[in-house]
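Report on the structure
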Amino acid sequence: MAMRAIAPIVALGMTLAGCGAPAGDEAPAEEVAEAPAFTPNPLGYIRDLGLIDEDLNAALNERLENFHRETGHEIHIAVILTTDEQDVAEHAAEMIGTRNISEDGALILVALADENIAIVPAAGIADRLPPDFVDGIEAEMAARFDRREIREGLTGAVDALTERLGE
């Protein structure tokens, strides 16, 4: 999985109901499919060390929770200081487990001091987020971060992922 380096500025700051013909002369019964019970991730959808301002953090967290409720796909954002010399994509894959992100989720990881970004899908959606797609999002995030457009970099990545996974 590719990762994208970012400029030093970052250091600053988704039931199918069964269908069938009624037996004999019975009138078809209306079946109502119940939505699966939704439980938001108990750890929230964003872990941040201060890169994301309070208003953006609240807006993104609400958007990511609603997306999870509507589609079953979890997208999380984690901003950490460092991966302690571990590959950023490997660190993100480990965090998918420790943050209880479902098999239908993905993590956007920003390692500030390491100046790296990785977007890593969990096993259940890896085929929906191929490396070339992820590389493009990472490159755009890095370019926006280089221009000190933190809000645009994060929301652009979330936009691309939710559009792809919401299809």
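Here is a short report on the structure shown in this document. (Residues numbered from 1 in each chain as written. Predicted model: local features only at pLDDT ≥ 70, side-chain atom pairs only at ≥ 80, totals over all residues. Heavy atoms only, no water.)

A short note on the pattern of salt bridges
Tallying each qualifying case throughout the model produces five salt bridges. A salt bridge links Asp159 to Arg63, with the nearest nitrogen and oxygen atoms 2.7 Å apart. A residue pair is termed long-range when its members are at least 10 positions apart, and Asp159 in helix α4 (residues 150-165) and Arg63 in helix α1 (residues 54-71) qualify at 96 residues. A relative accessible area of 36% means that Asp159 is categorised as partly exposed. (Salt bridge = Lys/Arg side-chain N within 4 Å of Asp/Glu carboxyl O. Helix = DSSP H or I, 4+ residues; strand = E, 2+ residues; numbered from the N terminus. Buried < 20%, exposed > 50% of the residue type's maximum accessible area, 1.4 Å probe, protein only.)

Observations regarding the nonpolar core
Ranked by size, the top nonpolar core spans 31 residues in total, and within it Ile77, Ile108, Met141 and Leu154 carry the most contacts. Mapped onto this core, the elements with two or more residues apiece are α1, β3 (74-80), β4 (105-111), β5 (116-121), α3 (131-146) and α4. The residues touching Leu154, leaving out its near neighbours within four places in the chain, are Ile52, Leu56, Leu60, Ile77, Met141 and Phe145. Ranked by size, the runner-up nonpolar core spans 14 residues in total, among them Ala78, Leu109, Val120 and Ala122. (Core = buried A, V, L, I, M, F, W, Y, C linked by side-chain atoms within 4.5 Å. Contact = heavy atoms within 4.5 Å.)

Let's talk about the pairing of β3
For β3, a buried count of seven out of seven residues is recorded, marking the element as mostly surrounded by other parts of the structure. Burial along β3 is two-sided: Glu74, His76, Ala78 and Ile80 facing one way and Ile75, Ile77 and Val79 facing the other are all buried. Here strand β2 (residues 46-47) runs beside β3; their pairing, made up of two bridges, is parallel. Directly across from Ile46, in β3, lies its bridge partner Ile77. Summarising the sheet, β3 and β4 pair through seven bridges and their orientation is parallel. Bridge assignment links Ala78 to a residue of β4, and that residue is Leu109. Handedness of the β-α-β unit built from β3, helix α2 (residues 88-98) and β4 comes out right-handed. (Pairing = 2+ DSSP bridges. Right-handed = clockwise from strand over helix to strand, strands pointing away.)

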